[in-house]
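# Coordinate inspection notes
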Amino acid sequence: RKNHARAFSRLPVTDACDVGGALATDEELDREFVESCRDELLSRAWQALEQFERRTGRPLFSVLDYRARNPDASSTDMARALTERRPNSEPFTAAGIRKLLQRARETFADLLLAEVARTLDRTDRHAMEQEVIDLGLHPYCRSAIERRYR
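Residues numbered from 1 in each chain as written. Predicted model: local features only at pLDDT ≥ 70, side-chain atom pairs only at ≥ 80, totals over all residues. Heavy atoms only, no water.

Attention now moves to the overall build of the protein. Summing up its helical and strand segments, the protein has 6 helices and 2 strands in all. Counting helices and strands in the order they occur from the N terminus, the protein gives β-β-α-α-α-α-α-α. Going through the 150 residues of the protein one by one, you find that 37% of them count as buried. Restricting the contact set of the protein to residue pairs at least 6 apart, pairs at least 24 apart contribute 56%. As presented, the protein carries roughly 9,500 Å² of accessible surface, and 47% of it is formed by carbon and sulfur atoms. (Helix = DSSP H or I, 4+ residues; strand = E, 2+ residues; numbered from the N terminus. Buried < 20%, exposed > 50% of the residue type's maximum accessible area, 1.4 Å probe, protein only. Contact = heavy atoms within 4.5 Å. Areas by Shrake-Rupley, 256 points an atom, 1.4 Å probe, with all protein chains shown as cover.)

So this is what it looks like as structure tokens:
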């Protein structure tokens, strides 16, 4: 989702890219490329989580999205707010929200790792770990890698 990560933008196809009035260095271009790739992968994982929620009815996207937008909200506040959004459903509890948040994070990590895997020629553990480290996604994917390669 564009709200969670900047939209993927292709780098200009020219002989030299102008960044801030100066010629961009290879290092700057590499950093911009990695950031664009990371943002696109995060966006795709958010979209996949939202589709998962629509398909299953499990509010994992809603819970994680609320947390991302309201990082300081307590579990009680989250339960109240999310219950208001789903008035015909059973009310959320603080404990239920904490459990849903844990499941949402795990599912998001699994979906993100699946997106990374689609970009690779080989998906052995070493290749996957190196790619998520290079992209700065290791904190998100560490647990998913452990689950995937048990």
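Taken as a whole, this structure holds 2 aromatic pairs when the rule is applied. Relative to F61, the ring of W46 lies with its centre 5.8 Å away and its plane at 90°, an arrangement referred to as edge-to-face. Placement of W46 in helix α1 (residues 26–56) and of F61 in helix α2 (residues 60–69) is noted, with a sequence separation of 15 residues between them. The exposure class of W46 is buried, given its relative accessible area of 8%. Seen from their ring centres, W46 and F108 are 5.1 Å apart, and the 50° between their planes marks the pair as tilted. (Phe/Tyr/Trp six-rings, centres within 6.5 Å; stacked < 30°, edge-to-face > 60°.)

In a soluble, globular protein the nonpolar side chains are often hidden away together inside. Among the nonpolar cores identified, the biggest contains 36 residues, and F108, L112 and L137 are the most heavily contacted of them. Going through the elements one at a time, α1, α2, α3 (75–85), α4 (94–118), α5 (125–134) and α6 (138–148) are the ones with two or more residues in this core. The residues touching L112, leaving out its near neighbours within four places in the chain, are L41, L42, A45, L137, Y140 and C141. (Core = buried A, V, L, I, M, F, W, Y, C linked by side-chain atoms within 4.5 Å.)

With that settled, the discussion passes to the side chain of E53. Mapped onto the elements, E53 comes out in helix α1. At 4.1 Å, R86 is the nearest oppositely charged side chain to E53, a buried residue that forms no salt bridge. Setting aside residues up to four positions removed in sequence, E53 forms contacts with R58, P59, L60, F61, S62 and R86. (Lys, Arg positive; Asp, Glu negative; His and termini not counted. Salt bridge = Lys/Arg side-chain N within 4 Å of Asp/Glu carboxyl O.)

As a packed pair, α2 and α3 sit with axes 11 Å apart at the nearest point and diverge in direction by 125°. One element, α2, and the other, α3, form an angle in the oblique class. Crossing of α2 against α3: the hand is right-handed. Judged by residue contacts, S62, V63, Y66 and R67 of α2 engage D77, M78, A81, L82 and R85 from α3. Considering only residue class, the contact of α2 with α3 consists of 5 nonpolar, 1 polar and 3 charged. (Axes fitted to C-alpha atoms, helices over the stretch in contact; angles between N-to-C directions. Parallel < 35°, antiparallel > 145°, perpendicular 65-115°, else oblique. Left-handed = near helix turned anticlockwise from the far one by under 90°. Nonpolar A, V, L, I, M, F, W, Y, C, P; charged D, E, K, R; others polar.)

The volume enclosed by the largest pocket comes to roughly 240 Å³. Taken together, 10 residues line the largest pocket, and the ones lying closest to its centre are L42, W46, L64, F108 and Y140. Mapped onto the lining of the largest pocket, the elements with two or more residues apiece are α1, α2, α4 and α6. Among the elements that line the lining of the largest pocket, the one with the most residues is α4, at 3 residues. Its residues placed into classes, the lining of the largest pocket shows 8 nonpolar, 1 polar and 1 charged. (1 Å grid on protein atoms, 1.4 Å probe; cavity = no way out; pocket = protein on both sides within 12 Å on 5 of 7 lines; lining within 4 Å. Points joined across faces, edges and corners; volume = space filled by probe spheres on them.)

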